[in-house]
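Structure assessment
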Amino acid sequence: MKTLVSRLTRKELKDLRVLVQFTAVYCRVKHSGERAVITDPEPGLQNLPLHRYPVCAECCDFLRYAFERRLRCPLTEKPACKHCQVHCFKPVYRDKVREIMRFSGQYLIKRGRLDLLWHYFF
């Protein structure tokens with residue numbers, strides 16, 4: 001039986017890595033409190049550098065939801081979520097992703113991460 005994670009392409013894993021990085025930036029600036037590394041990620045996501053991005057419990061729950069939904073996406077050729085016709089996330093989580101991406105993208109670009117412009121536009 002083929003696992004769900006084995007279907008993920010290199011680009012899809014990169015998208016998940018960017019989501020983790022942006023969520024960690026958002027969490028560090030917007031949330032106070034104790035942060036921890038995500039433990040026991042979905043099987044096969046150990047390739048993501050989760051140890052580098054500690055987040056609070058709320059953001060950890062969000063990332064777990066995002067991983068689970070992304071791994072169960074029904075499309076075989078997955079477009080970027082912002083261009084997708086089938087939305088896997090509940091509306092509340094879609095708004096949360098938009099908020100995180102908007103804030104973190106601007107935050108990182110203002111601090112010299114111009115390489116992220118490429119991901120932002122493509």
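Refer to the structure printed above.
In this report, we go over the structure that sits alongside the text.

1. Digging into helix H2 (residues 57-71)
- Compared with the 21 Å implied by 1.5 Å per residue over 15 residues, the 21 Å span of H2 between its first and last C-alpha is a close match.
- Those residues of H2 not exposed but buried are Cys 59, Cys 60, Phe 62, Leu 63, Tyr 65, Ala 66, Phe 67, Arg 70 and Leu 71.
- If you follow the buried residues of H2, they end up packed against helix H1 (10-30) and helix H3 (91-110).

2. Side note on the nonpolar core
- Ranked by internal contacts, the top residues of the largest apolar core, which has 32 residues, are Ile 38, Leu 45, Val 55, Leu 63 and Phe 67.
- Elements with a minimum of two residues in this core: H1, H2 and H3.
- Here the element with the most residues in this core is H1; it accounts for nine residues.

3. Observations concerning the side chain of His 31
- Mapping His 31 onto the fold places it in the loop between H1 and H2.
- Leave out the neighbours within four places in its chain, and His 31 touches Tyr 26, Cys 56, Glu 58, Cys 59 and Lys 96.

4. Observations concerning the packing of H1 against H3
- Relative orientation of the contacting elements H1 and H3 amounts to 80 degrees, with a least axis distance of 9 Å. Between H1 and H3, the angle falls in the class roughly perpendicular. Here H1 contributes Val 18, Leu 19, Gln 21, Phe 22, Thr 23, Val 25, Tyr 26, Arg 28, Val 29 and Lys 30 to the contact with H3, which in turn contributes Lys 96, Glu 99, Ile 100, Met 101, Phe 103, Ser 104, Gly 105, Tyr 107 and Leu 108.
- Class assignment of the residues belonging to the contact of H1 with H3 gives a composition of 11 nonpolar, four polar and four charged.

Criteria and thresholds
- Residues numbered from 1 in each chain as written.
- Predicted model: local features only at pLDDT ≥ 70, side-chain atom pairs only at ≥ 80, totals over all residues.
- Heavy atoms only, no water.
- Helix = DSSP H or I, 4+ residues; strand = E, 2+ residues; numbered from the N terminus.
- Expected span 1.5 Å × (residues − 1).
- Buried < 20%, exposed > 50% of the residue type's maximum accessible area, 1.4 Å probe, protein only.
- Contact = heavy atoms within 4.5 Å.
- Core = buried A, V, L, I, M, F, W, Y, C linked by side-chain atoms within 4.5 Å.
- Axes fitted to C-alpha atoms, helices over the stretch in contact; angles between N-to-C directions.
- Parallel < 35°, antiparallel > 145°, perpendicular 65-115°, else oblique.
- Nonpolar A, V, L, I, M, F, W, Y, C, P; charged D, E, K, R; others polar.

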